[in-house]
Amino acid sequence: MYQEAADPVIQGLNEPYPSDTCQNHVATTMLTATRQSLSDHSIGKDPQAVRTGQRQNRGMRTRLGCLSHKSDSCNDFTAILPDKPNRALKRLSTEEATRWADSFDILLSHKYGVAAFRAFLKTEFSEENLEFWLACEEFKKTRSATKLASKAHRIFEEFIDVQAPREVNIDFQTREVTRRNVQEPSPSCFDEAQGKVHSLMEKDSYPRFLRSKIYTDLLTQTQRRLS
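Numbering of residues begins from 1 in every chain and follows the order in which that chain's sequence is written. Given that the model is predicted, a residue must reach a pLDDT of at least 70 before its local features are reported, and side-chain atom pairs must reach 80 or more before they are shown or counted; all residues, however, enter totals for whole chains, interfaces and linings. To get the side-chain values, all heavy atoms of the structure are used, and hydrogens and water are removed first.

An unreviewed UniProt entry annotates the protein chain as Regulator of G-protein signaling 8 originating from Alligator sinensis.

Printed below as a string of structure tokens:
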């Protein structure tokens, strides 16, 4: 669905990343500014303003943490595997990795597929979309009404609320519907927001993942074991 030659966003992804020195300088400068902003929020402000500043600070730290780790390679994938890298790559077959390209849901159903996709999303600073989707999947398994309520509010504050630390990209109407749902939480209260985020990843990030160096390198490594 993307036309790479005409899309400035895609063109930007193909340009070289800044050096580590430059990234660290930017990160340090931005973090200093963020701390000053938080301090300003805390002086002579009401508690709501302070909480807002704290949420912004947490969100900024999350983004700054990515600045020194932004790359597009299989090393990023192996660093966050659920098993030890060597053991995981031995267990992952070329057939399994190839099947990830059949559909987005097949990718999400495989733990190594999720790990590889997460590593890719980190390079685009959009891993919050996957983390939200996974949180919703785990939320649906909750049986205790008390835990359901506390988890619902935690997920909403982390991913849905305005200026949330890892705010996902959803429209105003979906956010407000979800806000109302959370007041009387049920296992399905995030379904609409989760569906929007799933669709966004499937149409936007997933096709780029299949073209990424992370995925192509991974396929190459699994194929080498057979040769």
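1. A word on the overall build of the protein chain
Within the protein chain, the regular secondary structure consists of 13 helices and zero strands. For the protein chain, the succession of helices and strands along the chain, N to C, is α-α-α-α-α-α-α-α-α-α-α-α-α. For the protein chain, the residues scored as buried account for 40% of the 227 residues in total. For this analysis, residues touch if any pair of their heavy atoms sits within 4.5 Å. Expressed as a percentage of contacts within the protein chain between residues at least 6 apart in sequence, the contacts between residues at least 24 apart total 66%. Entry remark: accessible area of the protein chain is about 12,900 Å², with carbon and sulfur atoms responsible for 52%. By the criteria applied, helices consist of DSSP H or I runs no shorter than four residues and strands consist of E runs no shorter than two, each listed in order from the N terminus. To sort residues, take the accessible area from a 1.4 Å probe on protein chains only and compare it with the maximum for the residue type: under 20% means buried, over 50% means exposed, and anything in between is partly exposed. Using a 1.4 Å probe, the Shrake-Rupley method yields the accessible areas, and only the shown protein chains count as cover for residues.

2. Some words on the environment of tryptophan 133
For tryptophan 133, the position within the fold is in helix α9 (residues 127–139). Of the residues examined, tryptophan 133 reaches a relative accessible area of 12% and is grouped as buried. Along the backbone, tryptophan 133 and valine 197 are 64 residues apart, and their C-alpha atoms lie at a distance of 7.2 Å. When neighbours within four sequence positions are excluded, tryptophan 133 is seen to be in contact with Leu108, Gln194, His198 and Met201.

3. What about the packing of helix α10 (residues 145–160) against helix α11 (residues 172–183)?
Between N-to-C directions, angles cover 0 to 180 degrees, with each direction set by a line fitted to C-alpha atoms, over the stretch in contact for helices. Two numbers describe how α10 lies on α11: the axes approach to 10 Å, and their chain directions differ by 160 degrees. Between α10 and α11, the angle is such that the two are roughly antiparallel. As for the relative orientation of α10 and α11, their crossing is left-handed in sense. Residues Ala152, His153, Phe156 and Ile160 of α10 touch α11, and the partners they reach there are Arg175, Thr178, Arg179 and Val182. Should an angle fall under 35 degrees it is called roughly parallel, over 145 degrees roughly antiparallel, and 65 to 115 degrees roughly perpendicular, with every other angle called oblique. By definition, turning the near helix anticlockwise from the far helix through less than a right angle yields a left-handed crossing, and turning it clockwise yields a right-handed one.

4. Details of the nonpolar core
The set of buried Ala, Val, Leu, Ile, Met, Phe, Trp, Tyr and Cys residues whose side-chain atoms join them within 4.5 Å is what this entry labels a nonpolar core. Among the nonpolar cores identified, the biggest contains 38 residues, and Trp100, Phe117, Phe132, Ile160, Phe190, Met201 and Phe209 are the most heavily contacted of them. Going through the elements one at a time, α7 (104–108), α8 (111–123), α9, α10, α12 (191–211) and α13 (213–224) are the ones with two or more residues in this core. Per-element tally for this core: the top contributor is α8, with seven residues. Setting aside residues up to four positions removed in sequence, phenylalanine 117 forms contacts with Phe104, Leu107, Leu130, Met201, Ser205, Tyr206 and Phe209.

5. Considerations on the packing of aromatic side chains
Only Phe, Tyr and Trp rings are paired, with Trp represented by its six-membered ring, and only when their centres lie within 6.5 Å; those with planes under 30 degrees apart are stacked, over 60 edge-to-face, the remainder tilted. With the rule as written, the count across this model stands at nine aromatic pairs. Put simply, the rings of Trp100, Phe104, Phe117, Phe120, Tyr206, Phe209 and Tyr215 touch in pairs and so form one group of aromatic residues.

6. Notes on the environment of phenylalanine 156
Looking at the element boundaries, phenylalanine 156 is found in helix α10. As for phenylalanine 156 and threonine 178, which are separated by 22 residues in sequence, their C-alpha atoms are 8.0 Å apart. Not counting chain neighbours up to four residues away, the residues in contact with phenylalanine 156 comprise Asp161, Arg175, Thr178, Arg179, Val182 and Phe190.

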